[in-house]
Amino acid sequence: MTLHDPKISGSNRPTRPPVIRPLDEAAINRIAAGEVVERPASAVKELVENALDAGARRIAVDYSAGGKVLIRVTDDGCGMTADDLPLAVARHATSKIDGTDLLDIRSFGFRGEALASLGAVGRLTITSRAEGGDGAQITVAGGRLTGPRPAAAQKGTVIELRDLFYATPARLKFLRSDRAEAQAIAEVVRRLAMAEPLVGFTLSEVAEGEAPRVIFRADPQSGDFFDALHGRLTGILGADFTTNALKIDVERDGLRLSGYAALPTYSRGSSVQQFVFVNGRPVTDRLLLGALRVAYFDFLSRDRHPAAVLNLICDPERVDVNVHPAKSEVRFREPDAARSLIITGLRSALAGAGHRASTTVADATLAAFTPEAPRVYQMDRPSTSWPSQASFARATDWQAPSGFAEAPQARIEPADERAEPDEEAHPLGAAKAQLHGNYIVAQTARGMVIVDQHAAHERLVYERLKRQMAETGITAQALLIPEIVDLSPSDASLLLAHATDLAVLGLTIEPFGGSAVAVRETPAILGTVSAAALLRDVLDELADMGRSDGLQARIDAILSRMACHGSVRSGRALRPEEMNALLREMEATPHSGQCNHGRPTYVELQLHDIERLFGRR
């Protein structure tokens, strides 16, 4: 606001009070459209959700010019009668709730605003036919209603929206390019397809004078929920994700978490593969995404992100979905219970994975071995005659001498006669050699394993330190002189409300008059620490997430550094029994498939992959 703003300028003040007047219906619908329909993708989301609420089993979405010129959604749902059509485009008219309980919402839509809003800013045509009825059509352009009138139609509904925002041309200036808007539409359809694996989806781009181009297709899946979801995710996110994902199915206190979460070694460079649903509704809730991040923070570095598709199922009365215009955020009655279920459920699944690592690690290794150009082997070359005697003579010049001029780079230990004969049957096999003082080569029943001895032992020591701390607790060191930290009254109140939880982590605080807080003890493992900086870091997390994990993260970081210094160093020669002992401990220790920073501790190559490298397959 500036001084020359006429609203505060003395010379422009009104001489009489402003008059309060009701807005007309067209203005009301356009204002509502500004909240509900932000861009073409928002319109697609509302229309596809309506189709799902109608019980559709196949949904086709067509668009043109990024949805600015045309959006058409066709479904095979229950359809509507001619009498229903005018009500469908009226504001706050819906068949999904009766208005008596706004917390018991079991459908995607419930406000009855979407179609009225779309008809206010675009040219909307709805053609529908209910089971056993006649087809009917209605048109709404700029808020003006025409129809209903008879129309030929199959069972279901076709909603066509043309010239979006033609009635509010100023909104068109804020839309992005056709390509960007088309990508947003595809993302919306992909998310809804993940939420409903039993429903078929087709997304096509329509251009004038050309055949429709299919952008995305997901056929209906069969089987139980997890089988259907597995098939749908394979088609959308790729086989790499589902191959390296863990099945999540945990329930506690009336909350159930289901879906798939990828191994830490399948981490991504951004959060693009994080999909969270609440009762099947796609959401971008900070509480749930923050819980997902916390569940993996012990396994990934800060620049890596987990991949997961999770659905939190609860009684509709325990979650409020009416807190955001686009219904993309929710509010839980017991947010701590929802957050705790995600963290403990994911950590339990990751612990159950044991030493398992992502198959993409082996794929990358094989890709590094693969030559750029295909090799032509001698056996595959056409030959018209036997090699001449001169050819044999030249070949002998390239044969190796009888002795080696250099010592081998690998240290190969003689086989231990006392070793168990079935040692290769273990998942990580039996150690056969040590390369460059850091890499253990083991033979398994199915191929071979290469282990980074330092990274693997570092993880083993770290997990051992964490177990010891969980058993004995976190030791607190008393400060000789308590450190007094001045805070705002709201920050002091928030911090003292969590004093009991912080004391468990070794941080003891007390009120010190006014808005000051006295720090009596800090975690001993942190050494000398600035109490004021520590408290402010804790406050930032409390304000953002409602609880603080920063202190625990600092303690775990110290344990990680201790594990690094206490682990087997690179370059240290290990005896065969030491290498095999390391492999057996890895098999028995959860999370040993990745180091403390999320990098793999071993690579497994299957025998058929090795044979393919040498042209045997």
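Residues numbered from 1 in each chain as written. Predicted model: local features only at pLDDT ≥ 70, side-chain atom pairs only at ≥ 80, totals over all residues. Heavy atoms only, no water.

Participant: Mind showing me how you'd approach the nonpolar core here?
Facilitator: Side chains of nonpolar character tend, in soluble globular proteins, to be buried together. Ranked by size, the top nonpolar core spans 61 residues in total, and within it V48, I59, I126, F201 and F241 carry the most contacts. Core analysis: the next-biggest nonpolar cluster, separate from the first, contains 34 residues, V276, L287, L288 and L310 among them. (Core = buried A, V, L, I, M, F, W, Y, C linked by side-chain atoms within 4.5 Å. Buried < 20%, exposed > 50% of the residue type's maximum accessible area, 1.4 Å probe, protein only.)

Participant: Any chance you could explain the sheet that holds strand β13 (residues 308–313) here in plain terms?
Facilitator: Sheet strands pair by backbone hydrogen bonding; their relative direction is either parallel or antiparallel. Taken in spatial order, the 5 strands make up an open sheet running β9-β10-β13-β11-β12, and their pairing is mixed. Each of the sheet's edge strands pairs with one partner strand only, and the pair in question is β9 (245–252) and β12 (281–283). Strand-to-strand twist across the sheet, computed as the mean angle between neighbouring axes with direction ignored, equals 20 degrees. With 3 bridges connecting them, strand β11 (residues 274–278) and β12 associate as antiparallel partners. Each residue of the ladder has a partner; that of V278, found in β12, is R281. Docked against the sheet, helix α6 (residues 178–195) engages β11, β12 and β13, running at close to 55 degrees with respect to β11. (Pairing = 2+ DSSP bridges. Helix = DSSP H or I, 4+ residues; strand = E, 2+ residues; numbered from the N terminus. Axes fitted to C-alpha atoms, helices over the stretch in contact; angles between N-to-C directions. Contact = heavy atoms within 4.5 Å.)

Participant: Looking at this structure, I do not really get empty space enclosed by the protein. What am I missing?
Facilitator: Tallied over the entire structure, the rule returns 1 cavity of 30 Å³ or more. Its boundaries defined by the atoms lining it, the largest cavity holds a volume of some 40 Å³. For the largest cavity, the full set of lining residues is L263, P264, L350, A353, G354, R356, H591 and Q594. Across the lining of the largest cavity, the residue classes tally to 4 nonpolar, 3 polar and 1 charged. (1 Å grid on protein atoms, 1.4 Å probe; cavity = no way out; pocket = protein on both sides within 12 Å on 5 of 7 lines; lining within 4 Å. Points joined across faces, edges and corners; volume = space filled by probe spheres on them. Nonpolar A, V, L, I, M, F, W, Y, C, P; charged D, E, K, R; others polar.)

Participant: I tried to follow the pairing of β9 on my own but got confused; where do I start?
Facilitator: Sheet topology note: the β9/strand β10 (residues 255–262) ladder contains 8 bridges and is antiparallel. Across the sheet, the residue bridging to E251 is R256, located in β10.

Participant: Would you take a moment to explain unusual backbone geometry for this structure?
Facilitator: Backbone phi values are negative for most residues with the exception of glycine, while trans is the configuration of most peptide bonds. Cis peptide bonds are those with omega within 30 degrees of zero, and the linkage from G147 to P148 qualifies with 10 degrees. Tracing the sequence through the fold places P148 in strand β5 (residues 144–150). Phi is positive for D253, close to 55 degrees, though the residue is something other than glycine. With respect to the secondary-structure elements, D253 resides in the loop between β9 and β10. A positive phi angle is found at H591, which is not glycine, with a value near 65 degrees. Within the secondary structure, H591 sits in the loop between α18 (576–588) and β23 (602–606). Taking relative accessible area as the criterion, H591 reaches 8% and is therefore assigned buried.

Participant: How should the confidence of the model for the protein chain be read in this particular structure?
Facilitator: As a note on interpretation, predicted positions should not be read in detail where pLDDT is low. This prediction gives the protein chain a mean pLDDT of 81; 79% of its residues lie at or above 70. Contacts for the low-pLDDT stretch residues 383–388, under 50 throughout, to residues beyond four places or in other chains number 1 contact. Here residues 391–408 scores under 50 on pLDDT; set against residues more than four positions off or in separate chains, the count is 1 contact. (pLDDT = per-residue confidence, 0-100.)

Participant: Sorry, what's going on with helix α10 (residues 335–352) here?
Facilitator: An α-helical segment advances 3.6 residues per turn. Residues three or four places apart therefore align on the same side. An ideal rise of 1.5 Å per residue puts 26 Å on 18 residues; α10 measures up with 26 Å between its terminal C-alpha atoms. Of the surrounding elements, those touching the buried residues of α10 are β9, β10, α9 (286–296), β13 and β15 (331–332). In the segment just after α10, G354 is the residue with positive phi, at about 60 degrees. (Expected span 1.5 Å × (residues − 1).)

Participant: Any chance you could explain the packing of aromatic side chains here in plain terms?
Facilitator: Two aromatic rings are characterised by how far apart their centres lie and by the angle between their planes. For the coordinates displayed, the defined rule picks out 3 aromatic pairs. Between the aromatic rings of F226 and Y260, the centroid separation amounts to 6.1 Å while the plane-to-plane angle is 80 degrees, which identifies the pairing as edge-to-face. Pair noted here: F226 is in helix α7 (residues 225–237) and Y260 is in strand β10, with a separation of 34 residues, a long-range link. This pair shows no difference in class: F226 is buried, exactly as Y260 is. An aromatic cluster is defined as three or more aromatic residues linked by ring pairs; in this entry it consists of F225, F226 and Y260. The ring of F226 carries the charged tip of K247 above its face, separated from the ring centre by 4.4 Å. The ring of Y266 has R268 lying over it, and the distance from NZ or CZ to the ring centre is 4.6 Å. (Phe/Tyr/Trp six-rings, centres within 6.5 Å; stacked < 30°, edge-to-face > 60°. Lys NZ or Arg CZ within 6 Å of the ring centre and 35° of its normal.)

Participant: Can you walk me through the environment of E578 in this structure?
Facilitator: Relative to the elements of secondary structure, E578 occurs in helix α18. Ignoring sequence-local partners within four residues, the contact set of E578 consists of R572 and A573.

Participant: Explanation requested: the side chain of N438 in the structure shown.
Facilitator: Assignment of secondary structure puts N438 in the loop between β17 (430–435) and β18 (439–443). Look past the residues within four positions of N438 in its chain and what remains in contact with it is V451, D452, Q453, H454, S570 and G571.

Participant: What exactly am I supposed to notice about the pairing of β13 here?
Facilitator: Side-chain direction in a regular strand flips from residue to residue, so the side chains alternate between the two faces of the sheet. Where burial is concerned, most of β13 is hidden: 5 out of the 6 residues are buried. Where β10 lies against β13, 6 bridges are found, and the strand directions are antiparallel. Note on β13: the bridge partner recorded for L257 is L312. As paired strands, β11 and β13 are joined by 5 bridges and run parallel to one another. Bridging from a neighbouring strand, Q274 pairs with A308 of β13.

Participant: Looking at this structure, I do not really get the sheet that holds β5. What am I missing?
Facilitator: In space, the 8 strands of this open sheet follow the order β5-β4-β3-β6-β2-β1-β7-β8, with mixed pairing throughout. Of all strands in the sheet, those with a lone pairing partner are β5 and β8 (213–218), marking the two edges. When the angles between neighbouring strand axes are averaged without regard to direction, this sheet yields 10 degrees. With 7 bridges joining them, strand β3 (residues 123–129) and strand β6 (residues 156–162) adopt antiparallel strand pairing. Bridge assignment links T127 to a residue of β6, and that residue is V158.

Participant: Any chance you could explain the environment of Q183 here in plain terms?
Facilitator: Assignment of secondary structure puts Q183 in helix α6. What makes Q183 partly exposed here is its relative accessible area of 48%. Between the C-alpha atom of Q183 and that of G66, which follows or precedes it by 117 residues, the distance is 8.1 Å.

Participant: Would you mind showing me how to read the pattern of salt bridges here?
Facilitator: Side chains that differ in charge, positive against negative, can pair when their charged atoms come close. All chains considered together, the criterion is met by 23 salt bridges. Put simply, R213 and E205 hold a salt bridge, and the shortest N to O gap is 2.6 Å. A single salt-bridge network, built from bridges that share partners, covers D62, R72, E160 and R162. (Salt bridge = Lys/Arg side-chain N within 4 Å of Asp/Glu carboxyl O.)

Participant: What am I meant to see in helix α4 (residues 114–121) here?
Facilitator: With 8 of its 8 residues buried, α4 lies for the most part within the structure. Residues of α4 that are buried include every one of A114, L115, A116, S117, L118, G119, A120 and V121, and no others.

Participant: It is not clear to me how the environment of V44 should be interpreted in this structure. Could you clarify?
Facilitator: Along the chain, V44 turns up in helix α2 (residues 40–53). In this structure, the C-alpha to C-alpha distance between V44 and A184, residues 140 residues apart in sequence, is 9.8 Å.

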